[in-house]
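Spelled out from the first residue to the last, the chains are:
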Amino acid sequence: MKALKLVLFSTISLVLLSGCWDMKSLEEQAFVVVLGIDTTEDDMVEVTFQIANPQVGSTEGGMASNEPSSDIVTITAFDVLAAKELANNSVARKINFDQLRTIIIGEELAKKPLLHHIIASSIVDPEMRRETNLIVSKEKASQFIHANKPILETRPHKYFSFMQSRWLDTGYVPFSNLNRYFQRLSGELFLAIYASTERNELQRKNEDDYVAGQVPQKAGDPAQMMGSAVFKNGKMIGTLTGEETRIALLLRRKSLNHSAFQSFPDPVDDKYRITVRVMKKNNVKINVNTKKSPPEINVTVPVTIQVFSDTSLTNYTTDKENQQILKQSIKESLEKATKKFIQKTQDEFKGEPFKWNLEVRRAFWTMEEYDKYDWEKKYQYAHVDVKYEVKLENLGEQLKPAVINRQKKE
Amino acid sequence: MIKAADGKIGTREFTSIILLSIGIKLSDTTPNLYFVEGGNAAWILPIISFVVIGVPFFILLSLLKKHDAGLMELLSNLTGKYVSGIIGLCLFLIMLNGTAINSRAYIDIVNTMFYPKTPIPILLFLLLAFSFLIAKRGFETIGRTAWLILPILEVILLTLIIFVWKDTNWTQIFPIAGPGMEQILKASVTHSSVFGDVILLAAFFSFVRSYEDYRFSSLFGLGLSCFKIAVFLALYTAVFDYPEVSSMAFPFQQLTRIANFGEIITHVEAIYFGFWMISVVIHFSIHLYLTAYFFAGALRLAKFEPLILPMAGLTLFIGLLPENILQINGYKEMLIKSSSVLLISLPFILLIVDRWKGWDRS
């Protein structure tokens, strides 16, 4: 009797546990790792799927050494979900978004009001995840995906996974995902990563004053990610250079990870620039006085500096006076750049990307009062005063720069 | 020391039952109701509701102690056969509708987020079938199963908070009063029956080993549940920001998807889903048991455990009536509001009757 019961129980659980309806066999899934969205002239969307080839780059690779690492398909349809289904007319495996981590949007679509409709409707699909990264490409997204062939990371998901860590490291681009996009839809500026595979090279002394495509680079992967696309109310309205993006991230109360190498004019010898690591270790102090009209915003940014390169070979290590000059000069040049950038956001974008609206929200008792205050309008005329507190923490591993002492020889 | 099973449960089992009965509401569609009413200040609502439901609960505690009887016996002692029958029937209807609506709501979450192609009737049947299997074995089993899973569940919830911590921005909970203090107070009172389970669970007073055990575990369980719900409501706001959070159907499930452990382990929602589902099964076994208990109490039936199976069947059929989750949320709102009135006033009514009878006798 007991044995019979056991057999019966196992048979029933066999039926129940196999999950007949939602069974997914791994073999039959086409994992989309990058999704590109473009627009057509009649407001349809061209959806590009980059489907990973799981055999390439794995131990099974020997059997598929001549296959490309991914398959790229572009489908034109009314929305993403329809395109996903339609793609199965040629892809034999079931299109699956479970591993999707990057969405690339063509700039042309980003500038249309259609974009918000596409993004907001795609998130209804439970397969779409909110932590998916958002990138805006200067050219068409499909072009970007086709051109982006990183050599070191043959598998595309790995490339974007590593890139994500680099974004956090350098701060040249903001960290943008769908969740952040949905948080900033009421007048605040949302920054998305700006990328391009087309070249429009410029040479500038200031190494972060570029947007994607302008960085002078020979050979390597054509894709460049630099600067940010500025969105307001779900529509792209402009771009920021890498330098401006860094300032925008620096002025936020809390940053994910701010530690970036940045060069400044050398205060002692103006032929050269000095490259230092700028770090934000503490939260920024932001004080918005909403009682005054126009509002007064006082911001104090604590930055810590590490000097690791000193092309002018000026003695900063043992000369206390030079250190003071350096600190003062970095402070001034940061403040000058910040002032210029804030002016740009007030005049050109008429909004702020610094999440200061959250500080303003603190000043009010109810949401209604905050809405009535109309921060978006008030910011455009606000008096903003940004102060940097520079701390010189580390001067590298040399006690003195190795200066060639000519006078002695002569 | 190993105690022989005597059908009674102790502090930790009853605390687990309270936590699985109330605390788990942070993960279903209850947060939606809070966000609609309270906006970005939704997290204040459960704290005020705790006070609102705490006062009648203390009155009930004193009555339970005085008469040394569970809720149903207390009712029939104080109000007589017929009135207690009617009140018992009301409590039964609250429980039955609550179980049916909530089980369907949970299944809609499972259906939307995890098993989109599996038919809802099958999912609902499976959930109730397993809940029934636990409930059938009696209250002691429910208590012990609850204690078995609860520590794991709490640890898992804690890890969730840690894993999403980098995505939080706590200044997003400002402005502190959200839609205004008046609205918050009003919504807290009308939604206090979210914690009304603690009054309904007084029916099991006689199943707990001693009055002290009962008092401690109820109050501790209730307090911790309110705290947990408040923390998670604040967490949803800190991660998703208002107003976006108020348009999300399942914030808990979205949160488990956002959680990741470093760059490599990113899809951890399956772990949360597994343990959550086990807790949900226990949650409904408690509720099925309670439903059968009230039905038997109202009709003065001697045995109630054979009723659990028909109750599970009834729940299944009622649960299949609504068309989708949005309809269910509407019904849920209605049920919460109407049962708030009854559950808050019940202890006061009992107190008045008790005083009046005592005065009459003296």
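In this convention, every chain numbers its residues from 1, walking through the sequence in written order. Working convention: letters from A go to chains and numbers from 1 go to ligands, in the order in which they are written. Under the rules for a predicted model, residues below a pLDDT of 70 receive no local features and side-chain atom pairs below 80 are neither given nor counted, while totals for whole chains, interfaces and linings still include all residues. By convention in this description, side-chain values take in all heavy atoms of the structure and omit both hydrogens and water.

### Concerning the overall build of chain A
Here is the rule we go by: Strands here mean DSSP runs of E at least two residues long; helices mean DSSP runs of H or I at least four residues long; both are numbered from the N terminus. Think of it in three bands: with a 1.4 Å probe and only protein chains considered, a residue is buried below 20% of the maximum accessible area for its type, exposed above 50%, and partly exposed in between. For accessible areas, the Shrake-Rupley method is used with a probe of radius 1.4 Å. Any residue's cover is judged against the shown protein chains and nothing else. The positive count covers Lys and Arg only, the negative count covers Asp and Glu only, and His and the chain ends enter neither. The location of each charge is read from NZ of Lys, CZ of Arg, CG of Asp or CD of Glu.
Across its full length, chain A carries 13 helices and 14 strands. If one aligns the C-alpha atoms of chain A with their principal axes, the spans along those axes are about 95 × 65 × 60 Å. Burial status across chain A gives 50% buried among its 410 residues. On chain A, roughly 20900 Å² of surface is accessible, and the fraction owed to carbon and sulfur atoms is 54%. Here chain A contributes 57 positively and 54 negatively charged side chains, and the mean placements of these two sets differ by 6 Å.

### What about a positive patch on the surface?
Test applied: Patch membership is restricted to residues that have no salt bridge and whose relative accessible area is over 30%. Joining uses 9 Å for like charges and 5 Å for the nonpolar side chains Val, Leu, Ile, Met, Phe, Trp and Tyr. Here, a salt bridge means any Lys or Arg side-chain nitrogen found within 4 Å of an Asp or Glu carboxyl oxygen.
On the surface, A:Lys2, A:Lys5, B:Lys136 and B:Arg137 cluster together into a positively charged patch. The residue B:Arg137 is located in the loop between α5 (120–135) and α6 (139–164) in this model. Residue B:Arg137 is classed as exposed on the basis of its relative accessible area, which comes to 62%.

### What to know about helix α8 (residues 242–250) of chain A
In an α-helix, one turn spans 3.6 residues, which is why side chains three or four residues apart end up on the same side. Among the nine residues in α8(A), nine count as buried, and that is most of the element. All of the buried residues along α8(A) are A:Gly242, A:Glu243, A:Glu244, A:Thr245, A:Arg246, A:Ile247, A:Ala248, A:Leu249 and A:Leu250.

### A few points about the nonpolar core
Operational definition: Only buried residues count toward a nonpolar core, which is a set of Ala, Val, Leu, Ile, Met, Phe, Trp, Tyr and Cys residues joined through side-chain atoms within 4.5 Å. We call two residues contacting when some pair of their heavy atoms lies within 4.5 Å.
By size, the foremost hydrophobic cluster in this structure holds 124 residues, and its most contacted members are B:Phe232, B:Tyr236, B:Trp276 and B:Phe294. Considering every element that reaches this core, the biggest residue donor is helix α4 (residues 71–113) of chain B, with 17 residues. Apart from the residues lying within four places of it in its own chain, the contact partners of B:Phe232 are B:Leu26, B:Leu157, B:Leu160, B:Ile161, B:Phe252 and B:Leu255. Ranked by size, the runner-up nonpolar core spans 43 residues in total, among them A:Ala30, A:Ile95, A:Val136 and A:Ala229.

### A short note on a negative patch on the surface
All names here are of chain A. Together, Glu368, Glu369, Asp371 and Asp374 make up a region of like negative charge exposed at the surface. Relative to the helices and strands, glutamate 369 is located in helix α11 (residues 367–373). The partly exposed category is assigned to glutamate 369, whose relative accessible area is 38%.

### Side note on the pattern of salt bridges
Under the criterion given, the structure shown has 29 salt bridges over all chains. One salt-bridge network, in which partners are shared between bridges, spans A:Arg129, A:Glu131, B:Arg257 and B:Glu269.

### Focus: empty space enclosed by the protein
Residue and element names in this part refer to chain B. To keep it simple, the criterion reads: In this analysis the probe radius is 1.4 Å and the grid spacing 1 Å, with only protein atoms considered; a cavity is a set of points the probe fits into but cannot get out of, a pocket is an open set with protein on both sides within 12 Å along at least five of seven lines, and lining residues have an atom within 4 Å of a point. Grid points are joined across faces, edges and corners, and a volume is the space filled by probe spheres set on the points.
If you walk through the whole model with that rule in mind, you get five cavities of 30 Å³ or more. When its volume is computed, the largest cavity comes out at roughly 210 Å³. Taken together, 19 residues form the lining of the largest cavity, with Lys25, Asn102, Ser193, Asp197 and Leu335 sitting closest to its centre. Broken down by secondary-structure element, the contributors of at least two residues to the lining of the largest cavity are α4, α8 (197–200) and α13 (325–361).

### What about the side chain of B:Lys228?
Residues and elements named next belong to chain B. Turning to its location among the elements, lysine 228 is positioned in helix α9 (residues 211–240). Exposure remark for lysine 228: the relative accessible area of 10% places this residue in the buried category. The contacts of lysine 228, once residues within four sequence positions are left out, are Leu19, Gly23, Leu26, Glu154 and Leu157.

### Some thoughts on the interface of chain A and chain B
Spelled out, the test is: Two parts placed together each lose some accessible area; with a 1.4 Å probe, that loss summed over both constitutes the buried area. Within 3.5 Å is the distance limit for a polar contact, defined as a pair of N or O atoms, with the added protein rule that one can donate a hydrogen and the other accept it, and that residues adjacent in sequence qualify only through two side-chain atoms. Amino acid classes used here: Ala, Val, Leu, Ile, Met, Phe, Trp, Tyr, Cys and Pro are nonpolar; Asp, Glu, Lys and Arg are charged; the rest, including Gly, are polar.
Listed per partner, the contact involves 32 residues of chain A and 38 residues of chain B. Approximately 3200 Å² of surface area, both sides summed, lies buried where chain A meets chain B, with 50% of it carried by carbon and sulfur atoms. There are four salt bridges connecting chain A and chain B. Note that A:Arg361 is salt-bridged to B:Asp241, the shortest N-O span being 3.3 Å. Put simply, chain A and chain B have twelve residue pairs in polar contact (both at pLDDT 80 or more) between them. Those elements that provide at least two residues to the side of chain A that touches chain B are α6 (156–170), α7 (178–183), α10 (356–362) and α11 of chain A. Along the lines of polarity and charge, the residues of the side of chain A that touches chain B split into eleven nonpolar, seven polar and 14 charged.

### Digging into helix α3 (residues 44–67) of chain B
All names here are of chain B. Note the threshold: The span one expects for a helix is its residue count, reduced by one, times 1.5 Å. The bend reported for a residue corresponds to the angle between axes fitted to the seven residues ending at that residue and the seven starting there.
Here α3 is 24 residues long and its end C-alpha atoms lie 35 Å apart, about the 34 Å a rise of 1.5 Å per residue gives. Largest kink in α3: about 30 degrees, centred on glycine 54, with the proline proline 56 one to four residues after it. Positive backbone phi, at 50 degrees, marks aspartate 68, one or two positions downstream of α3.

### Focus on the environment of A:Ala260
Residues and elements named next belong to chain A. When you line up the elements, alanine 260 lands in strand β10 (residues 259–265). Residue class for alanine 260 comes out buried when judged on its relative accessible area of 1%. Taking the C-alpha atoms as reference, alanine 260 lies 30 Å from histidine 146; in sequence the two are 114 residues apart.

### Some thoughts on the confidence of the model for chain A
Heads up, the condition is: pLDDT: the predictor's confidence for each residue, scored from 0 to 100.
Mean pLDDT over chain A works out to 82, with 94% of the residues at or above the 70 mark. Mean pLDDT values over the elements of chain A span from 54, in helix α13 (residues 406–409) of chain A, up to 90, in strand β5 (residues 102–106) of chain A.

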